[in-house]
Amino acid sequence: MNNPLLDFTGLPRFAEIRPEHVAPAIEHLLAEARAVLKSTDAAPATWDQFVEPLEDANERLSRAWGQVSHLHAVMDAPPLREAYNANLPKVTRYWTELGQDTARFEKYRVLAASPEYSRLSAARRRIAGLRLTDFRLSGAELPAEVKPRYAAIQEELASLSAKFSENVLDATNAFLLFIDEKRISGIPQDVLAAARESAVKDGKPGWKFTLHMPSYWPAMQYADDRALRETLYRESATRASEFGKPDWDNTPLIARALELRREAARLLGYASYAAVSLVPKMADTPAQVLAFLRDLARRARPFAERDAAELRQFARAELGLETLEAWDLAYASEKLRKSRFDFSDHEVKQYFPETQVLWGMFRLVQDLYQIRISQATASTWQEDVRFFEVRGGDNALIGQFYVDLYARETKRGGAWMDDAIGRRRREAAIQTPVAHLNCNFPRPVGDRPALFTHDDVITLFHEFGHGLHHLLTRAEDLGVSGINGVEWDAVELPSQFMENFCWEWSVLERMTRHVDSGAPLPRALFDRMRAAKNFQSGLAMLRQIEFALFDMRLHSDFEPGAGGSARELLDEVRREVAVLVPPAWNRFPNSFSHIFAGGYAAGYYSYKWAEVLSADAYSLFEETGVLDAETGGRFRDQILAVGGTRPAADSFRAFRGREPRVDALLRHSGMIPP
Ligand code: ZN
């Protein structure tokens with residue numbers, strides 16, 4: 001086997017993969033998959049003869065391409081990037097064709113109507129059902145004369161979405177501000193150093209500020225110069241609107257996208273785009289989501305009002321700000337936070353050295369899920385990547401995972417979990433799952449271990465939660481194994497669930513150790529961290545609800561083209577739920593990329609929806625003891641192990657013994673009903 005990308009006998013041979021392996025492997029696998037498609041055309045519509053052969057071919061393609069994408073994300077160098085970009089369109093084209101393959105859709109329908117169907121396992125019936133839904137939602141069932149129109153809508157929507165984000169980016173990049181010494185007061189040294197460096201790069205004197213978050217946000221939080229904050233806020237809040245360059249105005253794009261989404265939904269036989277968006281999700285109807293959001297808004301409101309009143313009073317008394325303008329909020333909040341909870345990330349970090357954190361986290365899940373984690377070896381892309389095995393009580397291998405913790409120039413930002421191999425049955429044997437955990441934490445300096453902030457620790461727990469969902473699955477078919485087939489609005493349950501343990505004294509007590517003195521985290525510092533956790537949580541929750549409500553109404557009860565605009569709808573939503581109302585010239589929708597250029601249209605509510613589930617699931621641990629192995633076993637069996645083999649609502653009910661309730665989320669957010 002001289003092309004490592006074509007070796008599927010075991011773990012990926014990362015260290016041997018070269019850019020020149022990519023094209024031959026991908027072309028070979030695409031040809032193989034297309035040949036299987038052709039040969040299954042005439043095959044009977046049974047699982048073994050029609051579904052399985054293509055699943056196998058697709059798995060090989062996904063695994064090989066997954067290795068290339070992974071390397072592109074973590075070791076991005078020009079030759080590999082070139083190979084990636086050259087092959088990406090071929091792979092994308094294949095998946096698009098497959099999604100629109102009506103002959104295959106017909107065959108799935110025949111399978112679903114055949115006597116064999118009832119003899120399939122529940123997991124396989126669910127896979128067939130999910131595939132049929134995918135086909136239907138991509139227009140496979142439409143009459144032949146309607147299909148071209150449907151395809152044209154999808155194409156136009158794709159280009160609108162691309163143009164929307166280009167406009168936001170261009171408008172963001174167009175604004176630069178160079179300030180002199182008189183205006184820098186309050187801004188922290190590290191921010192100023194970066195601002196100075198970028199001014200020097202441009203050959204300018206002074207400090208350069210932009211609308212990109214790492215520059216914009218600290219200026220809004222710390223700059224004492226109120227006029228500076230106002231300028232930055234105004235520029236940011238009016239990006240890609242009628243107040244800027246007409247070519248970059250997203251207003252007409254928003255109107256057009258809403259019209260097209262509505263038309264596509266009608267063609268599929270649904271009342272609204274929101275109704276279509278919810279078909280593969282856990283939530284059932286737009287009305288259910290609206291009621292959920294409004295209920296949460298009603299409960300959060302008194303706390304948001306309290307937060308706002310407190311902030312106003314502090315701003316008046318301590319900062320001399322008689323009115324609290326939109327550009328004062330981050331600034332006043334930061335000052336208030338500092339006056340209330342005076343501890344620094346730096347202080348907390350000393351108690352979270354890497355090894356302590358990693359093995360503390362492993363020990364927690366070992367106890368909860370009755371597994372053993374041990375270090376092992378594998379071929380990797382970087383010398384400091386580590387590899388671990390998960391084994392059961394009987395010492396049988398359950399899964400393996402790579403941990404790539406440190407930031408590198410060649411690594412994509414953020415933190416994420418990815419799957420390398422999915423669990424499935426192969427003849428008599430089980431193919432065990434393999435996962436990637438990727439973070440961007442600071443690497444060790446000198447001979448001191450890497451130190452993590454508490455936020456870093458939460459991020460690590462979050463991604464490990466996704467990882468455990470992938471690794472502890474017991475599903476035997478790829479289509480529903482791990483996170484495959486799990487509804488979009490439920491997939492963050494296991495990850496957000498894990499975050500809760502980072503706020504638990506019994507967990508932190510045994511996973512912290514001062515890097516020099518060896519002492520555990522002092523209880524008093526922990527108490528201050530907990531108190532700061534819910535600082536302004538009422539305001540934060542209402543803000544998320546405002547966005548989610550706007551998104552859901554925009555795609556359900558709003559009638560595009562009937563005179564009203566998206567902006568007017570947002571004003572209405574704000575009158576309903578907002579406590580702090582932005583200025584009338586704020587054009588937030590024009591840069592709301594989540595719903596106009598991302599996958600979140602009629603789906604923004606998912607953040608809060610999944611948080612209710614994860615908080616409520618965790619509350620059972622609070623009732624039985626957070627380290628209770630029996631509850632852990634139940635979580636493993638009913639949530640993690642089942643993956644996508646059944647609807648998430650069923651899994652939740654099986655674990656919790658009842659429907660989800662919002663109480664735990666409110667309590668965790670410091671919003672206990674009075
Ligand atoms: Zn996540």
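Scroll up to find the structure this text is about.
Below: a short report on this structure. Just so it is clear, the structure is predicted and the values come from calculations on it, not from any experiment.

What counts, and where the lines are drawn
Residues numbered from 1 in each chain as written. Predicted model: local features only at pLDDT ≥ 70, side-chain atom pairs only at ≥ 80, totals over all residues. Heavy atoms only, no water. Helix = DSSP H or I, 4+ residues; strand = E, 2+ residues; numbered from the N terminus. Buried < 20%, exposed > 50% of the residue type's maximum accessible area, 1.4 Å probe, protein only. Contact = heavy atoms within 4.5 Å. Areas by Shrake-Rupley, 256 points an atom, 1.4 Å probe, with all protein chains shown as cover. Lys, Arg positive; Asp, Glu negative; His and termini not counted. Charge placed at Lys NZ, Arg CZ, Asp CG, Glu CD. 1 Å grid on protein atoms, 1.4 Å probe; cavity = no way out; pocket = protein on both sides within 12 Å on 5 of 7 lines; lining within 4 Å. Points joined across faces, edges and corners; volume = space filled by probe spheres on them. Nonpolar A, V, L, I, M, F, W, Y, C, P; charged D, E, K, R; others polar. Pairing = 2+ DSSP bridges. Donors = N, O, S within 2.8 Å, 3.2 Å for Na, K, Ca; no water. Tetrahedral: all angles 85-135°; square planar, octahedral: opposite > 155°, others 65-115°. Axes fitted to C-alpha atoms, helices over the stretch in contact; angles between N-to-C directions. Expected span 1.5 Å × (residues − 1).

Let's shift gears to the overall build of the protein chain. Looking only at helices and strands, the protein chain has 27 helices and nine strands in total. Viewed in the frame of its principal axes, the protein chain has a C-alpha envelope of about 80 × 65 × 55 Å. Taken over 674 residues, the protein chain has a buried fraction of 53%. In the protein chain, the proportion of contacts linking residues at least 24 apart, taken out of those at least 6 apart, comes to 72%. About 29600 Å² of surface is accessible on the protein chain, with carbon and sulfur atoms providing 52% of the total. Taken as two groups, the 84 positive and 94 negative side-chain charges of the protein chain have centres that lie 1 Å from each other.

With that settled, consider the environment of Ala315. Summarising the element assignment, Ala315 is placed in helix H13 (residues 286-319). Judged by its relative accessible area of 0%, Ala315 falls in the buried class. Considering only alpha carbons, one finds Ala315 and Leu329, 14 residues apart in sequence, at a separation of 9.2 Å.

Scanning all chains against the criterion turns up three cavities of 30 Å³ or more. What the largest cavity holds in volume is close to 100 Å³. Mapped onto the lining of the largest cavity, the elements with two or more residues apiece are helix H18 (493-499), helix H25 (629-640) and helix H26 (648-656). The leading source of residues in the lining of the largest cavity is H26, at three residues. In the lining of the largest cavity, the residues fall into eight nonpolar, four polar and two charged. Space inside the second largest cavity adds up to approximately 60 Å³. As for the second largest cavity, its lining consists of Pro12, Phe14, Arg63, Gly66, Gln67, His70, Asp418, Asp419, Ala420 and His436. Broken down by secondary-structure element, the contributors of at least two residues to the lining of the second largest cavity are helix H2 (47-74) and strand E6 (416-421). At four residues, H2 tops the list of elements feeding residues into the lining of the second largest cavity. Of the residues in the lining of the second largest cavity, the class split is three nonpolar, four polar and three charged.

Both faces of strand E2 (residues 207-210) are covered, namely the face carrying Trp207 and Phe209 and the face carrying Lys208 and Thr210. Bridging between strand E1 (residues 176-179) and E2 involves four bridges; their strand directions are antiparallel. Paired with Leu177 across the two strands is Phe209, which belongs to E2.

Turning next to the coordination of the zinc ion. Here the zinc ion is held by the protein donor atoms His462 (NE2), His466 (NE2), Glu492 (OE) and Glu492 (OE), which lie 2.1 to 2.7 Å from it. Coordination at the zinc ion comes from four donor atoms whose angles at the metal span 51 to 140°, giving a geometry best classed as irregular. Sequence spacing of the donor residues for the zinc ion, all on one chain, is H-x3-H-x25-E. Of this pair, His462 and His466 both sit in helix H17 (residues 454-471), four residues apart, roughly one helical turn. For the pair shown, His462 and His466 are each scored as buried.

The mixed open sheet is built from five strands, whose spatial order is E3-E4-E5-E9-E6. The open sheet terminates on both sides in strands that have one partner only, identified here as strand E3 (372-376) and E6. Geometrically, the sheet is characterised by an average inter-axis angle of 25° between neighbouring strands, direction not taken into account. Summarising the sheet, E3 and strand E4 (residues 386-391) pair through five bridges and their orientation is antiparallel. Across the sheet, Gln375 pairs through a bridge with Phe388, a residue of E4. Lying on the sheet, H2 is in contact with strand E5 (397-406), E6 and strand E9 (434-441); it crosses E6 at an angle near 145°. Packed onto the sheet, H17 meets E3, E4, E5, E6 and E9 and runs at close to 170° relative to E9.

In this structure, Thr238 sits in the loop between helix H10 (226-237) and helix H11 (251-267). In contact with Thr238, other than residues within four places in its own chain, are Phe243, Trp585 and Arg587.

A large share of E4 lies buried, amounting to five of its six residues. Pairing analysis gives six bridges linking E4 to E5, with the strands arranged antiparallel. Across the sheet, Arg386 pairs through a bridge with Val403, a residue of E5. Hairpin connection between E4 and E5: a loop of five residues separates the two successive antiparallel strands, and Asn395 in this loop has a positive phi of roughly 70°.

So, about H11. It helps to recall that an α-helix has 3.6 residues per turn; residues three or four apart then point in one direction. Look at H11: 25 Å from first C-alpha to last across 17 residues, which is about the 24 Å you get at 1.5 Å a residue. Taken together, the buried residues of H11 touch helix H7 (147-174), helix H12 (273-278), helix H21 (537-554), helix H22 (566-577) and helix H23 (593-596). Immediately beyond the C-terminal end of H11, within one or two residues, lies Gly269, with a positive phi of roughly 90°.

Right, let's talk about the side chain of Thr631 for a bit. Examined against the element boundaries, Thr631 turns out to sit in helix H25. Taking the relative accessible area as the measure of exposure, Thr631 reaches 5% and is therefore buried. Not counting the four nearest positions on each side in its chain, Thr631 is found in contact with Leu620, Phe621, Thr624 and Phe655.

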